[in-house]
Amino acid sequence: MRRELKIKDLSIKNRFAVPPMVCFYWTDDNGYVTEKNIEHYKELAQGGFGLIIVEATAITKRSRLADTELGIWDDSQIEGLKKITDAVHEYGAKCFIQLLHAGGNGIDKEPDAPSDMVYRNVNHAKEMSKETIDKTIDDFAKAAVRAKKAGFDGVELHGCHGYLLSNFFNLRNNKRNDEYGDNKALFAIETLKAVKDAVGDDFIVGIRFGAFEPTLEDGIKNAKAIKEYTDFIDVSYGGDCDASAPEGFKCSPAVYGAMKIKEIMPDMPIFAVHNINSKEDVINALETGVDMVDIGKGSLVDPHFAKHILNDEPYGHCLHCSNYCRWNPWEMADPNKKCPGAIKFADIVLK
Ligand SMILES: Cc1cc2nc3c(=O)[nH]c(=O)nc-3n(C[C@H](O)[C@H](O)[C@H](O)COP(=O)(O)O)c2cc1C
């Protein structure tokens, strides 16, 4: 848990990461960083995490997932993002940012996707032309350059959960008859290459991607295809997918997928996520051989989760309620409601 992790020349002080988690409603339609965002990431850095991956941040205004999420589509957004990296670096943590194109799942009335598709019975996504594909890859590269200017140590492409790269990886969404249909990983490969070319060798470029896209077999095939173009793989679920783990496996299916990918590429830094919510969960996940554990909702309940576990102190747990962490932009979360896990944790600490 305490061992440092090296990704190329970047040294991360321990095996605890905060995965990207959007804080809807903190910014507005312009996507600028607010004081709340800065305070939030600063608190997590104070909480002992070795790596903080800043939430899904839109590479263009059109490609957003919601109209109140952070943006990195314009140079004027660099200044606010720099305040986040400064705050995080002050406490010895490293900081990546997740670059998002929401694909068929975006808020645009006619969002881009590999093939025509209908999302949530609302979005009528249109098959991207080769010209739009090239333009989108360029948008990713430009966003990554802004991230470097803002002081991030690296970028993570959002390649899972049904957004654009995930749509391309997944045969249930990608029905193209061209080279992007023949090779489902081609769009991700071209994007990773363009981003790396734009930012240079002294910057980390990785991907969050689905082990099940839609099946584990497909996920492993995709992982092999992108292997030489990525510096790390942060393994999660795909979009429309079938995820499972064998009976008796101690962690979630997503951790199982991360373990299977680590087995076939032992030199690749692999992050695992989902329901790693206690010290025992952390130990079980790391024992599968993965390099990093992502603490999602647990870090929202207790921003000092990493420090508390490392110091054998009481820590907060996610209680798996359904609607307090502003997860769903389509159902306005009530900002007056408090996370029950955080309330319970505060009770323990105050006693
Ligand atoms: C409030 C919230 C926002 C999230 N936003 C993102 C995001 O921006 N990008 C992403 O890849 N995953 C996002 N996720 C998924 C988390 O990164 C993580 O994979 C998921 O919560 C499972 O981990 P956990 O069980 O530790 O919470 C979000 C999850 C939550 C709860």
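Because the structure is predicted, anything quoted here is derived from the model rather than measured.

Draft legend 1. Region of the structure containing the overall build of the chain. Across its full length, the chain carries 12 helices and 13 strands. Expressed as lengths along the three principal axes of its C-alpha atoms, the size of the chain is roughly 60 × 45 × 40 Å. Sorting the 351 residues of the chain into buried and exposed places 57% on the buried side. Considering only intrachain contacts with a sequence separation of at least 6, the fraction spanning at least 24 residues in the chain is 70%. Taken as a whole, the chain presents about 15,000 Å² of accessible surface, with 49% of it coming from carbon and sulfur. Computed over 44 positive and 55 negative side-chain charges, the separation of the two mean positions in the chain equals 2 Å.

Draft legend 2. Structural detail: the environment of Lys262. Relative to the assigned elements, Lys262 resides in helix H8 (residues 253-264). One polar contact links the side chain of Lys262 to the main-chain carbonyl oxygen of Met268, over a distance of 2.9 Å. In terms of polar contacts, Lys262 uses its side chain to reach the side chain of Asp291, at 2.8 Å.

Draft legend 3. Up close: the pattern of salt bridges. Taken as a whole, this structure holds 20 salt bridges when the rule is applied. The closest approach of N and O atoms between Arg62 and Asp112, which form a salt bridge, is 3.0 Å. Of this pair, Arg62 sits in the loop between strand E4 (51-58) and helix H2 (78-90) while Asp112 sits in strand E6 (residues 112-113), and the two are 50 residues apart along the sequence. Residue Arg62 is classed as partly exposed on the basis of its relative accessible area, which comes to 40%. Given the relative accessible area of 10%, Asp112 is considered buried.

Calculation criteria
- Positions within a chain are numbered from 1, following the residues in the order the chain's sequence is written.
- Reporting of local features is limited, given that this is a predicted model, to residues whose pLDDT is at least 70; pairs of side-chain atoms are given and counted only at 80 or more, and all residues count toward the totals for whole chains, interfaces and linings.
- Calculation of side-chain values draws on the structure's entire complement of heavy atoms; hydrogens and water are dropped beforehand.
- By definition, any uninterrupted DSSP run of H or I lasting at least four residues is a helix, any uninterrupted run of E lasting at least two residues is a strand, and each is numbered from the N terminus.
- When accessible area is computed with a 1.4 Å probe and restricted to protein chains, residues below 20% of their type maximum are described as buried, those above 50% as exposed, and intermediate ones as partly exposed.
- It only takes one pair of heavy atoms within 4.5 Å for two residues to be counted as in contact.
- Every accessible area reported is derived by Shrake-Rupley at a probe size of 1.4 Å, with residue values counting cover from the shown protein chains alone.
- Just so you know, the count uses Lys and Arg for positive and Asp and Glu for negative, and it drops His and the chain ends.
- Taken as the charge location is NZ of Lys, CZ of Arg, CG of Asp or CD of Glu.
- The definition of a polar contact used here is a pair of N or O atoms within 3.5 Å, where within protein one atom must be able to donate a hydrogen and the other to accept one, and adjacent residues in sequence count solely through side-chain atom pairs.
- By salt bridge we mean one thing: a side-chain nitrogen of Lys or Arg within 4 Å of a carboxyl oxygen of Asp or Glu.

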